[in-house]
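# Geometric and topological summary
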Amino acid sequence: DMKVTQMPRYLIKRMGENVLLECGQDMSHETMYWYRQDPGLGLQLIYISYDVDSNSEGDIPKGYRVSRKKREHFSLILDSAKTNQTSVYFCASSPGQKDEQYFGPGTRLTVL
Amino acid sequence: GQQVQQSPASLVLQEGENAELQCNFSSTATQLQWFYQSPGGSLVSLLSNPSGTKHTGRLTSTTVTKERRSSLHISSSQTTDSGTYLCASGTGGYKVVFGSGTRLLVSP
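Below, the structure is looked at part by part. (Residues numbered from 1 in each chain as written. Chains lettered and ligands numbered in written order. Predicted model: local features only at pLDDT ≥ 70, side-chain atom pairs only at ≥ 80, totals over all residues. Heavy atoms only, no water.)

### Considerations on the overall build of chain A
Within chain A, the regular secondary structure consists of 0 helices and 11 strands. Counting from the amino terminus, helix and strand elements in chain A follow one another as β-β-β-β-β-β-β-β-β-β-β. Taken over the C-alpha trace, chain A has a radius of gyration of 13 Å; the compact-globule value for 112 residues is 13 Å, and the two agree within 12%. Looking at chain A as a whole, 46% of its 112 residues are labelled buried. For chain A, contacts bridging at least 24 residues in sequence account for 53% of all contacts bridging at least 6. Positive and negative side-chain charges in chain A, numbering 14 and 14 respectively, have mean positions lying 7 Å apart. (Helix = DSSP H or I, 4+ residues; strand = E, 2+ residues; numbered from the N terminus. Rg over C-alpha atoms; globule rule 2.2 N^0.38 Å. Buried < 20%, exposed > 50% of the residue type's maximum accessible area, 1.4 Å probe, protein only. Contact = heavy atoms within 4.5 Å. Lys, Arg positive; Asp, Glu negative; His and termini not counted. Charge placed at Lys NZ, Arg CZ, Asp CG, Glu CD.)

Laid out in structure tokens, this is it:
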């Protein structure tokens, strides 16, 4: 069963704390993505990963970094979280360029 | 860069009615994907249709590439179809741009 998983599903952090969001996929997809979704702004691309240790900034990378050490795992890291990073974060994967994207269930992050 | 606009922003139907959702994009698309987002927030891919017409169940998508538009037709709507429908378009490469969505409410 093709699946993208995200952990945790809900997270509350204080401003200045570090945050680690994890994403996994069992489809051996080369490409993985991190998005955030905010009311009125839709889905915005944070980072793309083309494969292990091959990452590229998306449209809103500031304040985030990523890590991909295995093809099936893609992490989003917030060093010293800010209140304006409160959002719902989605991970997605696709086999490659121009291919359909499959989304995880999302992580709702609240930064107080 | 690519811009994606969806209309209408919201739509209210009675169960059994048909729905027509529109997606317009600023540049010729090589990728076009329709998603459903449930009221709980999960995102599900419905159709990938960069050109032509595609059917799945009660859904039909028609994309006219030269006119930079795509539509999603939902026939015989059900209350469980309620949610937000998102269109995503890409011009090649890895990146797609999402529209703001159409919020559909189907009442019994």
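### Description of unusual backbone geometry
Between Met7 of chain A and the following residue, Pro8 of chain A, the backbone shows a cis peptide bond with an omega angle of -10 degrees. Among the secondary structure elements, Pro8 of chain A is positioned in the loop between β1 (4-7) and β2 (10-13). Pro8 of chain B follows Ser7 of chain B through a cis peptide bond whose omega is -10 degrees. With respect to the helices, strands and loops of the structure, Pro8 of chain B is situated in the loop between β1 (4-7) and β2 (10-14). Positive phi outside glycine occurs at Ser28 of chain A, with the angle close to 55 degrees. You can see Ser28 of chain A is positioned in the loop between β3 (19-25) and β4 (31-38). In this structure, Ser80 of chain A takes a positive phi of about 60 degrees despite not being glycine.

### Section: the interface of chain A and chain B
Across the boundary between the two partners, chain A contributes 17 residues, which contact 16 residues of chain B. In total, about 1,600 Å² of surface goes out of reach between chain A and chain B, with carbon and sulfur atoms giving 58% of it. Inspection of the region where chain A meets chain B yields 1 salt bridge. Ionic pairing is found between Lys95 of chain B and Asp59 of chain A, a salt bridge with its closest N-O pair at 2.5 Å. There are 5 residue pairs in polar contact (both at pLDDT 80 or more) connecting chain A and chain B. Elements with a minimum of two residues in the side of chain A that touches chain B: β4 and β5 (42-51) of chain A. Each residue belonging to the side of chain A that touches chain B can be placed in one class, and the counts come to 8 nonpolar, 5 polar and 4 charged. (Buried area = accessible area lost by both parts, 1.4 Å probe. Salt bridge = Lys/Arg side-chain N within 4 Å of Asp/Glu carboxyl O. Polar contact = N/O pair within 3.5 Å; in protein donor to acceptor, adjacent residues only side chain to side chain. Nonpolar A, V, L, I, M, F, W, Y, C, P; charged D, E, K, R; others polar.)

In short, shape yes, function no, at least from these values alone.
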